[in-house]
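# Residue-level structural notes
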Amino acid sequence: MTAEPAAAGHLTGRSRSQHQRRKRILQAAAALASRGGVEAMQMRTVAERAGVALGTLYRYFPSKMDLVVAVVNEEIDTLEASLDRRPPRSETPAGRAVEALMRATRGLMREPELADALIRSLLLSDVKTDLGDRMAAMLARAADGDVTPGEERHVLLRSLSSVWVMEMIELLRGRTGNEQIQARLEIAAERLLAGA
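Residues numbered from 1 in each chain as written. Predicted model: local features only at pLDDT ≥ 70, side-chain atom pairs only at ≥ 80, totals over all residues. Heavy atoms only, no water.

The subject of this paragraph is the overall build of the chain. Counting its regular elements, the chain contains nine helices and zero strands. The secondary structure elements of the chain, listed N-terminal to C-terminal, are α-α-α-α-α-α-α-α-α. A globule of 196 residues ought to have a C-alpha radius of gyration of about 16 Å, and the chain, at 18 Å, matches this closely. Principal-axis analysis of the C-alpha atoms gives the chain an extent of 50 × 45 × 30 Å. Within the span of the chain, comprising 196 residues, buried residues form 44% of the whole. (Helix = DSSP H or I, 4+ residues; strand = E, 2+ residues; numbered from the N terminus. Rg over C-alpha atoms; globule rule 2.2 N^0.38 Å. Buried < 20%, exposed > 50% of the residue type's maximum accessible area, 1.4 Å probe, protein only.)

A separate point is the UniProt feature "DNA-binding region" (unreviewed entry) in the chain. Residues given the UniProt feature "DNA-binding region" (unreviewed entry) here are residues 42-61. Overall, residues 42-61 shows 75% helix and 0% strand. The separation of its end C-alpha atoms is 12 Å. (UniProt positions renumbered as here; feature names shortened; annotations may be inferred.)

Before going further, it helps to examine the pattern of salt bridges. Applying the stated criterion across every chain, the model contains 11 salt bridges. The salt bridge partner of Arg22 is Glu74, with a shortest N-O separation of 4.0 Å. With Arg22 in helix 1 (residues 13-36) and Glu74 in helix 4 (residues 64-85), the pair connects residues that are 52 residues apart, well separated along the chain. Each of Arg22, Lys23 and Glu74 takes part in salt bridges that share partners, so that together they form one network. (Salt bridge = Lys/Arg side-chain N within 4 Å of Asp/Glu carboxyl O.)

On to helix 2 (residues 43-50). Listed as buried for helix 2 are Met43, Val46, Ala47 and Ala50. Looking down the long axis of helix 2, one finds its buried residues gathered within 100° of arc, a one-sided arrangement. Facing away from the buried side of helix 2 by more than 90 degrees, the exposed set consists of Arg44 and Glu48. At the exit of helix 2 stands Gly51, carrying a positive phi of roughly 75°. (Arc of directions from axis to C-beta.)

Among the secondary structure elements, Thr78 is positioned in helix 4. Residues Thr78 and Gly107, spaced 29 residues apart in sequence, show a C-alpha to C-alpha distance of 9.2 Å.

So, about a positive patch on the surface. Together, Arg85, Arg86, Arg89, Arg106 and Arg110 make up a region of like positive charge exposed at the surface. Considering the arrangement of structural elements, one finds Arg106 in helix 5 (residues 93-109). Look at Arg106 and you get partly exposed, because its relative accessible area is 41%. (Patch = residues over 30% accessible without salt bridge, like charges linked within 9 Å, V, L, I, M, F, W, Y side chains within 5 Å. Areas by Shrake-Rupley, 256 points an atom, 1.4 Å probe, with all protein chains shown as cover. Lys, Arg positive; Asp, Glu negative; His and termini not counted. Charge placed at Lys NZ, Arg CZ, Asp CG, Glu CD.)

By size, the foremost hydrophobic cluster in this structure holds 59 residues, and its most contacted members are Ile25, Leu67 and Leu160. With nine residues, the single largest contributor to this core is helix 4. (Core = buried A, V, L, I, M, F, W, Y, C linked by side-chain atoms within 4.5 Å.)

Inspection of the entire model under this criterion finds one aromatic pair. When the ring of Tyr60 is compared with that of Phe61, the centres are 6.4 Å apart and the planes differ by 35°; the resulting orientation is tilted. Judged on exposure class, the residue Tyr60 and its partner Phe61 are both buried. (Phe/Tyr/Trp six-rings, centres within 6.5 Å; stacked < 30°, edge-to-face > 60°.)

Attention now moves to the packing of helix 5 against helix 8 (residues 151-172). For the pair helix 5 and helix 8, the least separation of the axes is 11 Å and the interaxial angle reads 35°. In this structure, helix 5 meets helix 8 at a crossing whose hand is right-handed. Listed contacts from helix 8 to Pro93, Ala97, Leu101, Ala104, Thr105, Leu108 and Met109 of helix 5 are Arg153, Leu160, Trp164, Met168, Leu171 and Leu172. Class assignment for the residues of the contact of helix 5 with helix 8 results in 11 nonpolar, one polar and one charged. (Axes fitted to C-alpha atoms, helices over the stretch in contact; angles between N-to-C directions. Left-handed = near helix turned anticlockwise from the far one by under 90°. Contact = heavy atoms within 4.5 Å. Nonpolar A, V, L, I, M, F, W, Y, C, P; charged D, E, K, R; others polar.)

On to the UniProt feature "domain: HTH tetR-type" (unreviewed entry) in the chain, then. The feature "domain: HTH tetR-type" (unreviewed entry), as given by UniProt, occupies residues 19-79 in the numbering adopted here. The straight-line gap between the two end C-alpha atoms of residues 19-79 is 20 Å; of that span, 80% is helix and 0% is strand.

Another aspect to go through is the side chain of Thr176. Position of Thr176 among the secondary structure elements: in the loop between helix 8 and helix 9 (178-193). The class of Thr176 is buried, set by a relative accessible area of 15%. Side chain to side chain, Thr176 and Arg184 meet in a polar contact 2.7 Å long. Apart from the residues lying within four places of it in its own chain, the contact partners of Thr176 are Glu167, Glu170, Leu171, Ile181 and Arg184. (Polar contact = N/O pair within 3.5 Å; in protein donor to acceptor, adjacent residues only side chain to side chain.)

Below, the structure written as C-alpha coordinates:
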(Lines give C-alpha, C1' and ligand atoms only; values in the text may rest on other atoms or scores of the structure.)
Protein backbone atom coordinates (compact mmCIF):
# COMPACT_ATOMS: atom_id res chain seq x y z
CA MET A 1 0.00 0.00 0.00
CA THR A 2 1.51 3.30 -1.02
CA ALA A 3 0.33 6.83 -0.72
CA GLU A 4 -1.31 8.25 -3.83
CA PRO A 5 -0.29 11.78 -4.78
CA ALA A 6 -3.07 14.31 -5.01
CA ALA A 7 -3.76 16.14 -8.27
CA ALA A 8 -1.60 19.14 -7.37
CA GLY A 9 1.39 16.92 -6.63
CA HIS A 10 0.87 17.11 -2.88
CA LEU A 11 -0.23 14.32 -0.59
CA THR A 12 -3.76 14.56 0.75
CA GLY A 13 -4.26 14.45 4.51
CA ARG A 14 -5.12 10.76 4.50
CA SER A 15 -2.42 9.72 2.06
CA ARG A 16 0.12 11.80 3.99
CA SER A 17 -0.74 9.95 7.19
CA GLN A 18 -0.56 6.62 5.31
CA HIS A 19 2.84 7.58 3.95
CA GLN A 20 4.05 8.57 7.43
CA ARG A 21 2.67 5.35 8.93
CA ARG A 22 4.41 3.27 6.25
CA LYS A 23 7.66 5.17 6.89
CA ARG A 24 7.41 4.51 10.66
CA ILE A 25 6.88 0.81 9.99
CA LEU A 26 9.93 0.62 7.72
CA GLN A 27 12.08 2.55 10.18
CA ALA A 28 10.99 0.26 13.02
CA ALA A 29 11.73 -2.85 10.95
CA ALA A 30 15.16 -1.56 9.92
CA ALA A 31 16.03 -0.60 13.49
CA LEU A 32 15.07 -4.05 14.78
CA ALA A 33 16.99 -5.83 11.99
CA SER A 34 20.06 -3.67 12.60
CA ARG A 35 20.20 -4.90 16.20
CA GLY A 36 19.17 -8.52 15.85
CA GLY A 37 18.90 -9.52 12.23
CA VAL A 38 15.74 -10.68 10.52
CA GLU A 39 14.91 -12.84 13.53
CA ALA A 40 14.33 -9.61 15.51
CA MET A 41 11.88 -8.35 12.88
CA GLN A 42 8.89 -10.10 14.37
CA MET A 43 5.71 -8.59 12.94
CA ARG A 44 4.17 -7.96 16.37
CA THR A 45 7.36 -6.24 17.58
CA VAL A 46 7.55 -4.11 14.43
CA ALA A 47 3.93 -3.05 14.88
CA GLU A 48 4.48 -2.14 18.54
CA ARG A 49 7.64 -0.18 17.80
CA ALA A 50 5.96 1.66 14.89
CA GLY A 51 2.88 2.43 17.00
CA VAL A 52 0.42 0.68 14.69
CA ALA A 53 -2.00 -2.18 15.13
CA LEU A 54 -0.82 -5.59 13.96
CA GLY A 55 -3.69 -5.69 11.43
CA THR A 56 -2.55 -2.35 10.01
CA LEU A 57 0.96 -3.69 9.58
CA TYR A 58 -0.37 -6.71 7.68
CA ARG A 59 -2.42 -4.42 5.41
CA TYR A 60 0.76 -2.66 4.38
CA PHE A 61 2.97 -5.76 4.34
CA PRO A 62 1.23 -9.16 4.06
CA SER A 63 4.34 -11.06 5.17
CA LYS A 64 7.67 -10.55 6.86
CA MET A 65 9.43 -10.99 3.53
CA ASP A 66 7.28 -8.27 1.96
CA LEU A 67 8.49 -6.05 4.80
CA VAL A 68 12.13 -7.03 4.23
CA VAL A 69 11.83 -6.26 0.52
CA ALA A 70 10.32 -2.86 1.34
CA VAL A 71 13.23 -2.10 3.68
CA VAL A 72 15.67 -3.04 0.89
CA ASN A 73 13.78 -0.74 -1.50
CA GLU A 74 14.14 2.07 1.04
CA GLU A 75 17.89 1.45 1.15
CA ILE A 76 18.04 1.63 -2.66
CA ASP A 77 15.99 4.86 -2.58
CA THR A 78 18.54 6.32 -0.16
CA LEU A 79 21.42 5.26 -2.40
CA GLU A 80 19.74 6.69 -5.50
CA ALA A 81 19.20 10.01 -3.72
CA SER A 82 22.87 10.04 -2.73
CA LEU A 83 23.91 9.36 -6.33
CA ASP A 84 21.62 12.15 -7.56
CA ARG A 85 23.15 14.60 -5.07
CA ARG A 86 26.72 13.53 -5.76
CA PRO A 87 27.02 11.66 -9.08
CA PRO A 88 30.02 9.36 -9.50
CA ARG A 89 32.99 11.20 -11.00
CA SER A 90 35.06 8.41 -12.51
CA GLU A 91 36.07 8.92 -16.13
CA THR A 92 34.65 5.62 -17.42
CA PRO A 93 31.19 4.05 -17.23
CA ALA A 94 32.69 0.99 -15.50
CA GLY A 95 34.42 3.24 -12.96
CA ARG A 96 31.21 5.13 -12.25
CA ALA A 97 29.29 1.86 -11.76
CA VAL A 98 31.93 0.61 -9.32
CA GLU A 99 31.86 3.95 -7.50
CA ALA A 100 28.09 3.58 -7.05
CA LEU A 101 28.45 0.01 -5.78
CA MET A 102 31.19 0.98 -3.34
CA ARG A 103 28.99 3.77 -2.03
CA ALA A 104 26.28 1.16 -1.49
CA THR A 105 28.81 -1.06 0.29
CA ARG A 106 29.89 1.68 2.67
CA GLY A 107 26.29 2.69 3.33
CA LEU A 108 25.16 -0.83 4.14
CA MET A 109 28.20 -1.58 6.28
CA ARG A 110 27.30 1.28 8.61
CA GLU A 111 24.71 -1.22 9.89
CA PRO A 112 26.31 -4.65 9.25
CA GLU A 113 23.54 -6.62 10.99
CA LEU A 114 20.94 -4.90 8.86
CA ALA A 115 23.00 -5.54 5.71
CA ASP A 116 23.41 -9.20 6.63
CA ALA A 117 19.71 -9.56 7.42
CA LEU A 118 18.61 -7.94 4.17
CA ILE A 119 20.98 -9.81 1.90
CA ARG A 120 20.42 -13.18 3.55
CA SER A 121 16.65 -12.73 3.47
CA LEU A 122 16.63 -11.78 -0.19
CA LEU A 123 18.74 -14.79 -1.10
CA LEU A 124 16.36 -17.14 0.71
CA SER A 125 13.14 -15.37 -0.22
CA ASP A 126 10.39 -16.70 -2.44
CA VAL A 127 8.95 -13.18 -2.74
CA LYS A 128 9.15 -11.88 -6.31
CA THR A 129 10.95 -8.55 -6.41
CA ASP A 130 12.21 -6.10 -9.00
CA LEU A 131 15.41 -5.43 -7.04
CA GLY A 132 17.71 -6.79 -9.77
CA ASP A 133 16.06 -4.50 -12.30
CA ARG A 134 16.23 -1.55 -9.90
CA MET A 135 19.93 -2.12 -9.29
CA ALA A 136 20.57 -2.39 -13.04
CA ALA A 137 18.67 0.85 -13.71
CA MET A 138 20.52 2.61 -10.90
CA LEU A 139 23.86 1.42 -12.26
CA ALA A 140 22.87 2.51 -15.78
CA ARG A 141 22.08 5.97 -14.51
CA ALA A 142 25.35 6.13 -12.55
CA ALA A 143 27.46 4.71 -15.39
CA ASP A 144 25.84 6.23 -18.47
CA GLY A 145 23.19 8.68 -17.36
CA ASP A 146 20.73 6.35 -19.11
CA VAL A 147 17.70 5.36 -17.05
CA THR A 148 16.56 2.65 -19.47
CA PRO A 149 19.53 0.72 -20.83
CA GLY A 150 19.17 -1.56 -23.83
CA GLU A 151 18.47 -5.23 -23.20
CA GLU A 152 22.08 -6.42 -23.41
CA ARG A 153 23.34 -3.53 -21.26
CA HIS A 154 20.60 -4.26 -18.71
CA VAL A 155 21.65 -7.93 -18.47
CA LEU A 156 25.29 -6.92 -18.03
CA LEU A 157 24.44 -4.40 -15.30
CA ARG A 158 22.30 -7.00 -13.52
CA SER A 159 25.26 -9.36 -13.69
CA LEU A 160 27.50 -6.71 -12.15
CA SER A 161 25.03 -6.17 -9.32
CA SER A 162 24.99 -9.96 -8.75
CA VAL A 163 28.77 -9.94 -8.45
CA TRP A 164 28.42 -7.15 -5.89
CA VAL A 165 25.89 -9.16 -3.84
CA MET A 166 28.32 -12.09 -3.69
CA GLU A 167 31.12 -9.73 -2.65
CA MET A 168 28.87 -8.32 0.08
CA ILE A 169 28.31 -11.83 1.41
CA GLU A 170 32.07 -12.36 1.58
CA LEU A 171 32.50 -9.01 3.34
CA LEU A 172 29.79 -9.80 5.87
CA ARG A 173 31.44 -13.17 6.59
CA GLY A 174 34.74 -11.39 7.22
CA ARG A 175 36.48 -13.04 4.28
CA THR A 176 37.33 -9.87 2.37
CA GLY A 177 37.65 -6.12 2.77
CA ASN A 178 36.56 -3.01 0.88
CA GLU A 179 39.82 -2.77 -1.08
CA GLN A 180 39.53 -6.35 -2.36
CA ILE A 181 35.87 -5.86 -3.22
CA GLN A 182 36.62 -2.71 -5.16
CA ALA A 183 39.48 -4.38 -7.05
CA ARG A 184 37.28 -7.35 -8.04
CA LEU A 185 34.36 -5.11 -8.98
CA GLU A 186 36.66 -3.02 -11.16
CA ILE A 187 37.78 -6.13 -13.05
CA ALA A 188 34.21 -7.40 -13.44
CA ALA A 189 32.87 -3.99 -14.51
CA GLU A 190 35.65 -3.45 -17.08
CA ARG A 191 35.01 -6.87 -18.60
CA LEU A 192 31.22 -6.72 -18.49
CA LEU A 193 30.83 -3.17 -19.74
CA ALA A 194 33.62 -3.08 -22.30
CA GLY A 195 32.07 -2.22 -25.66
CA ALA A 196 28.51 -2.99 -24.56
